[in-house]
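# Inside the fold
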Amino acid sequence: MNFLVKSYFWCGVFCASLLMVSVQVTGQIEPATDGPKPLNPIESVDSFQLPSGFRMELVASEPLIEEPSGVCWDAEGHLYVSELHGYNLEGQFDIETLNKTGKLDRVVRRIQANEQAQKDAEAETYGVIKRLADDDGDGRMDRAVIFAQGLPPCFGMVAARDGIIVVCAPDIYYLADLDNDGVADVRERLFTGFQEGVLERRINAPQWGLDNWIYVGGGGRADAINGPYLDGPVTLGRTDFRFKADGSAIEPVAGSTGTFGHTFTAE
């Protein structure tokens, strides 16, 4: 029996393929088994095509890291990886509920998951920061320590002030390890008030600029940003923005990130 699976995806052109499954009339719809299998880390490296003169080496992979969303190196050479756990979990919960009904959904459409699925997913969506170490000096990470956990979903970080600054709406945090045990002893909220909403449309991809400000891709509206070192709430609107690493200033900049990521031009 042929049917189309209800799918949740970011944006752009989506091509749906018919999946062949067996269905029990009064039971749960059985999952498809003919999907492509994931590549292992070595196979993934070999699948990239690089320009002449370049090479790519594997630094870290599962199970050392899971669902990475950003990386940065600090002044001491430590590698930090932010992880985003729970992306599209509401879609998974929603389709599991649908499958339990034993009914076939023959329509491909872009819709939000049901309210209960979104609520259930929110409780399991969070951010983690890991600090990785290469113990034998071979260029590949051997060990990961949880630097910080229980954060909102993380979308990137930069090294700053002998620690790191993490963007994770509704907040931006400064994290630091005072005793060098690999775990953050300082967790300071520099700014708060950023819109949450859909995960892939939140503040993201912080980068240092040549002017010594940190630039961030905007996500949703930010009309009342507060922080302990600001004189009062700041309105950013719906644009990208920049801020001082000490939390003393934040302001909008020209341009707006569509979904995720941004860069600097030569102008």
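To continue, consider the confidence of the model for the protein. Here the protein averages 83 in pLDDT, and 86% of its residues register 70 or above. In the predicted structure, residues 1-26 sits below a pLDDT of 50 and forms 55 contacts with residues beyond four places in sequence or in another chain.

All told, the structure shown has 4 aromatic pairs when counted by the stated rule. An angle of 65 degrees between the planes, with centres 5.3 Å apart, marks the rings of Phe191 and Phe243 as edge-to-face. With Phe191 in strand β10 (residues 186-192) and Phe243 in strand β13 (residues 241-243), this pair connects stretches of sequence that are 52 residues apart. The two residues Phe191 and Phe243 agree in class, both being buried. Note on Phe194 and Phe241: the rings are 5.2 Å apart at their centroids and 20 degrees apart in plane angle, and the pair reads as stacked. Note that Phe194 is positioned in the loop between β10 and β11 (204-208) and Phe241 in strand β13, a separation of 47 residues in sequence. Judged by relative accessible area, Phe241 falls into the buried class, the value being 1%. Positioned above the aromatic ring of Tyr174, the side-chain terminus of Arg161 is 3.8 Å from the ring centre.

Turning our eyes to something else, we now look at the side chain of Asp74. Relative to the assigned elements, Asp74 resides in the loop between β3 (68-73) and β4 (79-85). Buried within the structure, Asp74 lacks any salt-bridge partner; Arg131 is the closest side chain of opposite charge, at an N-O distance of 5.0 Å. Engagement of the side chain of Asp74 in a polar contact is seen with the backbone nitrogen of Glu76, the distance being 2.9 Å. Within the local environment of Asp74, its side chain forms a polar contact with the backbone nitrogen of Gly77, the two atoms lying 3.0 Å apart. Filtering out sequence-adjacent residues up to four positions away, Asp74 remains in contact with Tyr80 and Ala159.

What counts, and at which threshold
Residues numbered from 1 in each chain as written. Predicted model: local features only at pLDDT ≥ 70, side-chain atom pairs only at ≥ 80, totals over all residues. Heavy atoms only, no water. pLDDT = per-residue confidence, 0-100. Contact = heavy atoms within 4.5 Å. Phe/Tyr/Trp six-rings, centres within 6.5 Å; stacked < 30°, edge-to-face > 60°. Helix = DSSP H or I, 4+ residues; strand = E, 2+ residues; numbered from the N terminus. Buried < 20%, exposed > 50% of the residue type's maximum accessible area, 1.4 Å probe, protein only. Lys NZ or Arg CZ within 6 Å of the ring centre and 35° of its normal. Lys, Arg positive; Asp, Glu negative; His and termini not counted. Salt bridge = Lys/Arg side-chain N within 4 Å of Asp/Glu carboxyl O. Polar contact = N/O pair within 3.5 Å; in protein donor to acceptor, adjacent residues only side chain to side chain.

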